[in-house]
Protein chains: 2
Amino acid sequence: MKIPHRLNLTEEQLPTQWYNLRADMKEQPDPMLNPVTFQPIRTEELYPIFCEELAAQETNCSTQWFDIPDEVMEIYKAYRPSPLNRAYDLERYLKTPAHIYFKFEGNNTSGSHKLNSAVAQAYYAKKQGLTSLTTETGAGQWGTALAEACAYFGMDLTVYMVKGSYEQKPYRREIIRTFGANVIPSPSNTTKVGQAILAANPDTSGSLGCAISEAIEKATSTQGCRYVLGSVLNQVVLHQSIIGLEAKRAMEMLGEYPDIVIGCAGGGSNLAGLIAPFMQDKLLGKKNPHFIAVEPASCPSLTRGRYAYDYCDTGKVTPLARMYTLGSGFIPSKNHAGGLRYHGMSPIISKLYHDGWLDEARAVEQTHVFDAAVTFAKVETILPAPESSHAIRVAIDEAIKCRETGEAKTILFGLTGTGYFDMAAYSAYNEGKMTDYIPTDEDLEPGFASLPKIPGIQE
Amino acid sequence: MKIPHRLNLTEEQLPTQWYNLRADMKEQPDPMLNPVTFQPIRTEELYPIFCEELAAQETNCSTQWFDIPDEVMEIYKAYRPSPLNRAYDLERYLKTPAHIYFKFEGNNTSGSHKLNSAVAQAYYAKKQGLTSLTTETGAGQWGTALAEACAYFGMDLTVYMVKGSYEQKPYRREIIRTFGANVIPSPSNTTKVGQAILAANPDTSGSLGCAISEAIEKATSTQGCRYVLGSVLNQVVLHQSIIGLEAKRAMEMLGEYPDIVIGCAGGGSNLAGLIAPFMQDKLLGKKNPHFIAVEPASCPSLTRGRYAYDYCDTGKVTPLARMYTLGSGFIPSKNHAGGLRYHGMSPIISKLYHDGWLDEARAVEQTHVFDAAVTFAKVETILPAPESSHAIRVAIDEAIKCRETGEAKTILFGLTGTGYFDMAAYSAYNEGKMTDYIPTDEDLEPGFASLPKIPGIQE
């Protein structure tokens, strides 16, 4: 069969259910713990933070498939199915026998895959009769996506944007505002936790963990309001399974199956969504693809973090999750461009990695990432987001290996978004001003020191 | 038939030929004139400016279909066919019985339809053995598209960017640079014409006409170099016919035909490309769609310009084209945000409008345009470019008329690009700082005074 450059499934082929990876895992991720009692958290205990339907999805380890509500399908159809591209030009450029595919999630105004979960979360909140949401955003992709979703459903939204991004990315901030959301640089004086962080460190450029603390405080202290998060959580992983389900279906139509699946990993939602149905095949013993998670060398939660219970935020108000983490006190270097700067990793991804199902994690340095990004842009005419370019880097590396060994492997990677709002980072790269940063073990110590002690579980 | 939210043609359904509208026009546009002899220009006289194949396309009024070269098809397939969207959410929001469709050209990194002609022009230059190109860019969409195309084919590129845009849109400049092009703010000291303009008006923020003069001077004084233009020209209109051909084919598959076709018009390439096959139907007496060109009230070439021979540039070095024009000396107000700021209009569009085939031109004010843009963004989750939003404005107006009359008209408009790089303009709008500007007749006088006098033709 002649494989097209881009395969767009039809609207009828759009999946109508999300896949819950936990239902097929041999061992479950350890349960979230109540941060006060250290007991496994019950679904109802999450209601003050999440709307009920999302709380139920968060704790549901057994339901394999969740119907996607009609109202969510309605927005999905405006930008999905997303295309599966064959990178013919990149293959020629690399002179590789590998077949390189990428699932492109940048073709919507939010510019990334984040919209997939944003519309679901906004919908369930609306359905419950809530009137407003809060969230945090770092690089800005999630904030944009959620602002779009809230504009669509008529929900108010407050976004705590990591101060460093807020200042460096005025246009990202502006797009969120254009969709009607209120954007506040974090840490801020609008919350007690923000005030405390500012008192301790007035010059901080903020962190995701800190912005999460503020968003949760705001949500739990406001009538009709809940908090939503763009990655890490099980519910987000569930929604993002749409990426992998479409990719797998498209590859089946082409008579292809990936030998290697590569995704960038910050909180893990894109990676988990992309690999979900392929991981199911592996868990059920049907296939054995090789999974690679790619993270920044400057924020190496999988490759250098500890598999431990930790808070999801800096203010230590969230439930505790067992995950690979650098400690909630970790703040990435200012040198670090783009997203993928969260201290922890999705508990599902962490568990799969810990148990060996997710084969490999690689940390890459940002100048190498931008080398790959610019090559990809010139050859494939798509300017990728820095986050996505982590996956491109490793896809190129694997394709070069194939050139050397002569193996025609099938490589699939996730191209999560476009780099339109990252031109300051590209500018630094173009001018030779971008540098790498690999934290020393000493640099990582304060983060690890912030890990909680839990009697009988984690001393 | 159930009409999907987005119809993506398959790769096999991608048109393999461009359609030359001139072949079916009842009367041809007046010929370009040599700016020295005032005689109709011969194809060979264009060779110092354009590569031979493009010069031939420019002057060919009789060939109905041009095969798209395989090398161009190869890039088209990386981002085309572009989707045809049914704006169900906008229809519901407006409570209109109209069927609203839009052809979305923003799903590629250049962010607009400009890439369709950029890849063709870069390819033909490469094929002729040329090594470099020059061009101008205003809002930046064309510069980005051409930089991508040149990166792909390995051509050097110098972009003269209108100084106002260069300064206000650093990220647009940076994306062009990321694709390897040299970006120079215009007017500049790198050309004689730029030096002369700067001497006369040191504080000018530049204009497209001025940047064109510089790009042409650079091209004609450099070995192995030619000039390329992103709109206005017949060759560009030819390449952009791919938009309309895809749109028509997709609508046929849905059993639809537009009653109204709406496009924004700056130089006219998008409008001409979108309407091309529908205009053919009208010219051949098969159908009678109503065509509307939408332009900014601040740069009203169709609605308030003169149908006259004029230079395509400020420096008066180009051939003369007969078109609707405000005069090559016209410089749009600084108040004007976004593109659509060229003093003239495609000779093909001008002729069709003059002869009544293009039914209507409307000038709209920019605050009204941004009202429509933000509504559209919130309802359809796509943040449109300011240029494209001119078409959205009129599509909404027409749909509201349908609500009032109860007519279920089928409306098709061109959504030419995304607004990612226009957040400064959105910011001004969001903060209530955007104003309108309608030039008085007196304001337009200096432009008209710059129109050339041609003995026996235009006194």
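Along each chain, numbering runs from 1 in the same order as the chain's sequence is written. Chains and ligands are labelled sequentially in the order written, the chains with letters from A and the ligands with numbers from 1. Restriction of local features to residues with pLDDT of at least 70 applies here, the model being predicted, together with a cutoff of 80 or more for giving and counting side-chain atom pairs; totals for whole chains, interfaces and linings are based on all residues. Excluded from the side-chain calculation are hydrogens and water; included are all heavy atoms of the structure.

(A) Examining the interface of chain A and chain B more closely. Here, two residues are considered to be in contact whenever any of their heavy atoms come within 4.5 Å of each other. Contacts between the two partners involve 48 residues from chain A, matched on the other side by 48 residues from chain B. Here the quantity called buried area is the total loss of accessible area, with a 1.4 Å probe, experienced by two parts when brought into contact, counted for both. Taken over both partners, the interface formed by chain A and chain B buries close to 4400 Å², and the fraction arising from carbon and sulfur atoms is 53%. It is Tyr171(A), Thr381(A) and Tyr420(A) in chain A that bury the most area against chain B; as a group they hold 17% of the surface buried on that side. The term salt bridge refers to a side-chain nitrogen of Lys or Arg lying within 4 Å of a carboxyl oxygen of Asp or Glu. The partner of Glu74(A) in a salt bridge is Arg92(B), with the nearest N and O atoms 2.8 Å apart. Under the rule applied, a polar contact is a pair of N or O atoms within 3.5 Å (in protein, one hydrogen donor and one hydrogen acceptor; residues adjacent in sequence only if both atoms are side-chain atoms). At the junction of chain A and chain B, the tally comes to 22 residue pairs in polar contact (both at pLDDT 80 or more). For helices the rule is a DSSP run of H or I covering at least 4 residues; for strands it is a run of E covering at least 2, with both sets numbered from the N terminus onward. Those elements that provide at least two residues to the side of chain A that touches chain B are helix 2 (70–79), helix 3 (88–94), helix 5 (141–153), helix 7 (170–178), helix 14 (366–380) and helix 16 (423–430) of chain A. Broken down by class, the residue content of the side of chain A that touches chain B amounts to 21 nonpolar, 14 polar and 13 charged. Each residue receives one of three labels: charged for Asp, Glu, Lys and Arg, nonpolar for Ala, Val, Leu, Ile, Met, Phe, Trp, Tyr, Cys and Pro, and polar for the others, Gly being one of them.

(B) Molecular detail of the relation of the copies chain A and chain B. When chain A is fitted to chain B, the best match, at an RMSD of 0.0 Å, comes from turning it 180° and sliding it 0.0 Å along the axis. Taken together, the rotation and translation relating the two chain copies correspond to the operation of a two-fold axis. Taking C-alpha positions as reference, the residue of chain A nearest the rotation axis is Asn107(A), located at 2.8 Å. To superpose the copies, least squares is applied to the C-alpha atoms of every residue with a pLDDT of at least 70 in both.

(C) Quick look at the layout of surface pockets. Here a cavity is any set of points on a 1 Å grid over the protein atoms alone where a 1.4 Å probe fits but cannot get out, and a pocket is any open set with protein on both sides within 12 Å along at least 5 of 7 lines; a residue lines the site when it has an atom within 4 Å of a point. Grid points are joined across faces, edges and corners, and a volume is the space filled by probe spheres set on the points. The computed volume of the largest pocket comes to approximately 650 Å³. Surrounding the largest pocket, 30 residues form its lining, Gln168(B), Lys334(B), Asn335(B), His336(B) and Arg341(B) being those nearest its centre. Secondary structure elements with two or more residues in the lining of the largest pocket: helix 6 (163–168) and helix 16 (423–430) of chain B. Examining the composition of the lining of the largest pocket, we find that 5 residues originate from one element, helix 6 of chain B, more than from any other. Looking at the lining of the largest pocket residue by residue, the class counts come to 9 nonpolar, 13 polar and 8 charged. Taken as a whole, the second largest pocket encloses approximately 560 Å³ of empty space. What lines the second largest pocket is a set of 30 residues, among which Gln168(A), Lys334(A), His336(A), Ala337(A) and Arg341(A) lie closest to the centre.

Any link to function would need more than the numbers given here.
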